[in-house]
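Architecture at a glance
Spelled out, the chains give:
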Amino acid sequence: MEPKIPAFGRFAEPALLILVSLSDGPKHGYAIMQDVESGSGRPMGAGTLYAALARLEEEGLIEPLAPVDRRRPYRLTALGATNLAEQLRGLSRFAHKGLRQLGERQP
Amino acid sequence: MTRLLIRLYPERWRARYGAEFEALLEERPIGPFDVADILLGALDAQLHLRGRSGERAYARSFVMTLRIGGFAAILGGPLFAGGFAVASDTVASGSQSAGAAMVGVGSLALLTALVGLSAFQARVYPALSWAAFAIPALGALGMAVGAVGTMLGTDALIGIFFGGLMAFFLGSVLFAVATFASKVLSRPGALLVAVGPVLGIAAGGSNDVLTITSLACFALGWLALGVHAVRTDRGLPVSQPI
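What counts, and where the lines are drawn
- Residues numbered from 1 in each chain as written.
- Chains lettered and ligands numbered in written order.
- Predicted model: local features only at pLDDT ≥ 70, side-chain atom pairs only at ≥ 80, totals over all residues.
- Heavy atoms only, no water.
- Pairing = 2+ DSSP bridges.
- Helix = DSSP H or I, 4+ residues; strand = E, 2+ residues; numbered from the N terminus.
- Phe/Tyr/Trp six-rings, centres within 6.5 Å; stacked < 30°, edge-to-face > 60°.
- Buried < 20%, exposed > 50% of the residue type's maximum accessible area, 1.4 Å probe, protein only.
- Lys NZ or Arg CZ within 6 Å of the ring centre and 35° of its normal.
- Core = buried A, V, L, I, M, F, W, Y, C linked by side-chain atoms within 4.5 Å.
- Contact = heavy atoms within 4.5 Å.
- Axes fitted to C-alpha atoms, helices over the stretch in contact; angles between N-to-C directions.
- Parallel < 35°, antiparallel > 145°, perpendicular 65-115°, else oblique.
- Nonpolar A, V, L, I, M, F, W, Y, C, P; charged D, E, K, R; others polar.
- Left-handed = near helix turned anticlockwise from the far one by under 90°.
- 1 Å grid on protein atoms, 1.4 Å probe; cavity = no way out; pocket = protein on both sides within 12 Å on 5 of 7 lines; lining within 4 Å.
- Points joined across faces, edges and corners; volume = space filled by probe spheres on them.

Side note on the sheet that holds strand β2 (residues 62-64) of chain A
Residue and element names in this part refer to chain A.
- Judged by pairing direction, the sheet is antiparallel, and its three strands sit side by side in the order β1-β3-β2 without closing on themselves. At either margin of the open sheet sits one strand with a lone partner, and together these are β1 (27-28) and β2.
- Where β1 lies against strand β3 (residues 73-76), two bridges are found, and the strand directions are antiparallel. Across the sheet, the residue bridging to K27 is Y74, located in β3.

Details of the packing of aromatic side chains
- Under the counting rule described, the total for this entry stands at 15 aromatic pairs over all chains.
- Taken together, a centroid distance of 5.8 Å and an interplanar angle of 70° make the contact between Y50 of chain A and Y17 of chain B edge-to-face. On the criterion of chain membership, the pair formed by Y50 of chain A in helix α3 (residues 46-58) and Y17 of chain B in helix α2 (residues 11-26) is interchain, its members lying in two chains. Like Y17 of chain B, Y50 of chain A is buried.
- Clustering of aromatic rings is evident, with ring pairs tying together F80, F84, F168, F169, F175, F218 and W222 of chain B.
- Positioned above the aromatic ring of F180 of chain B, the side-chain terminus of R187 of chain B is 3.9 Å from the ring centre.

So, the nonpolar core
- Counting residues in each nonpolar core, the largest one holds 37 residues, and the members touching the most others are I18, L49, Y50, L53, L56 and I62 of chain A together with F21 of chain B.
- Looking at this core, the elements with two or more residues in it are α1 (12-22), α2 (29-40), α3 and β3 of chain A together with α1 (2-7), α2 and α3 (32-47) of chain B.
- Examining the composition of this core, we find that eight residues originate from one element, α3 of chain A, more than from any other.
- Setting aside chain neighbours within four positions, we find L53 of chain A in contact with I18, I32, I62 and Y74 of chain A.

A closer look at the packing of α1 of chain A against α3 of chain A
Residues and elements named next belong to chain A.
- For the pair α1 and α3, interaxial distance at closest approach is 9 Å and the crossing angle is 75°. With respect to α3, the axis of α1 lies roughly perpendicular. Where α1 approaches α3, its residues P14, A15, I18 and L19 are matched on the opposing element by T48, L49, A52, L53 and L56.
- Of the residues belonging to the contact of α1 with α3, the class tally is eight nonpolar, one polar and no charged.

Some points on the pairing of β3 of chain A
- In this sheet, β3 of chain A lies alongside β2 of chain A in antiparallel orientation, the contact comprising three bridges. Each residue of the ladder has a partner; that of E63 of chain A, found in β3 of chain A, is R75 of chain A.

So, the packing of helix α5 (residues 96-116) of chain B against helix α8 (residues 158-182) of chain B
All names here are of chain B.
- Viewed as axis vectors pointing N to C, α5 and α8 meet at an angle of 30°, and their least axial separation amounts to 12 Å. Comparing their axes, α8 and α5 come out roughly parallel. Of the two possible hands of crossing, α5 and α8 adopt the one that is left-handed. Residue-level inspection shows V103, S107, L110, L111 and L114 of α5 in contact with α8, the latter providing L165, F168 and F175.
- Among the residues making up the contact of α5 with α8, the classes are represented as seven nonpolar, one polar and no charged.

Side note on empty space enclosed by the protein
- Inspection of every chain in the model, using the stated rule, returns three cavities of 30 Å³ or more.
- When its volume is computed, the second largest cavity comes out at roughly 50 Å³.

Observations regarding the environment of H228 of chain B
All names here are of chain B.
- You can see H228 is positioned in helix α10 (residues 208-234).
- Along the backbone, H228 and G70 are 158 residues apart, and their C-alpha atoms lie at a distance of 7.4 Å.
- What H228 contacts, discounting residues up to four positions off in sequence, is L185 and S186.

No statement about biological role is implied by the geometric values presented.
Set out below in structure tokens:
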């Protein structure tokens, strides 16, 4: 059975970007912001980051680790990794379909 | 600036994320985009207190209602009483239009408070709780009709305005009785809200000291109820995650 992807509304894209950022290891908020901004080329505000983090944590897709000073790292859970893989496969299928259709129409 | 922005988030959100959020904001300069993003994030957190179970979701929506009702009471009580004092020239520097505006805003806030703070009482005294809202709601309508009529030069409608005002005080007294009898929120606050209008009627418009005392009781009573409601939120256990 395919894992259910929670509906995050307008935080769906930030949530996906955060999951991708955490896929190579735990990070705290500031490191996630820097990673997302360098990867996507778009800024992610602190308000958006924490709104998405709260939702991801609530759904059990990420979990907090012990804080270092006041900075708390987060890591992907097994459920989060499965969920991320499913989302990326869906995006990949969508991208391939789009590229195929574009290729068929090209002269 | 950073702390002020964090204060916009709900108490329980700050208890869970406040320290790390503050550390994050201190790590880089905050620009207008960040401020706007944090304002939207705070609004989202205020409106979207999420829970895993239905019971917790209910508890959170209940807390939100209490909080809104509490702030409305804190705002509405003093505005309503102060507006009445100004409009009726009980205070020397009164201006009728300014006083009427204060009463108007105050009555809307108090209607919100009557809804937000009536959850406990409605379980025990549903009819009283409904009456405590319906009578002031009709009173507010009467005050609006009377105020508009007076502005248009129809002085005969001033009676409707004062009738509405009395209805508003009566509804507040009913709410106070339900609150006091239910033993919820601040009982001294409920007592003050009930005593205020009674003293006002006793003053009969001819005793300024008694009138001011009655208005002060009314305003202080609503303030006490509002503060109690807002503080109730802080007594709830911090849940993780929010």
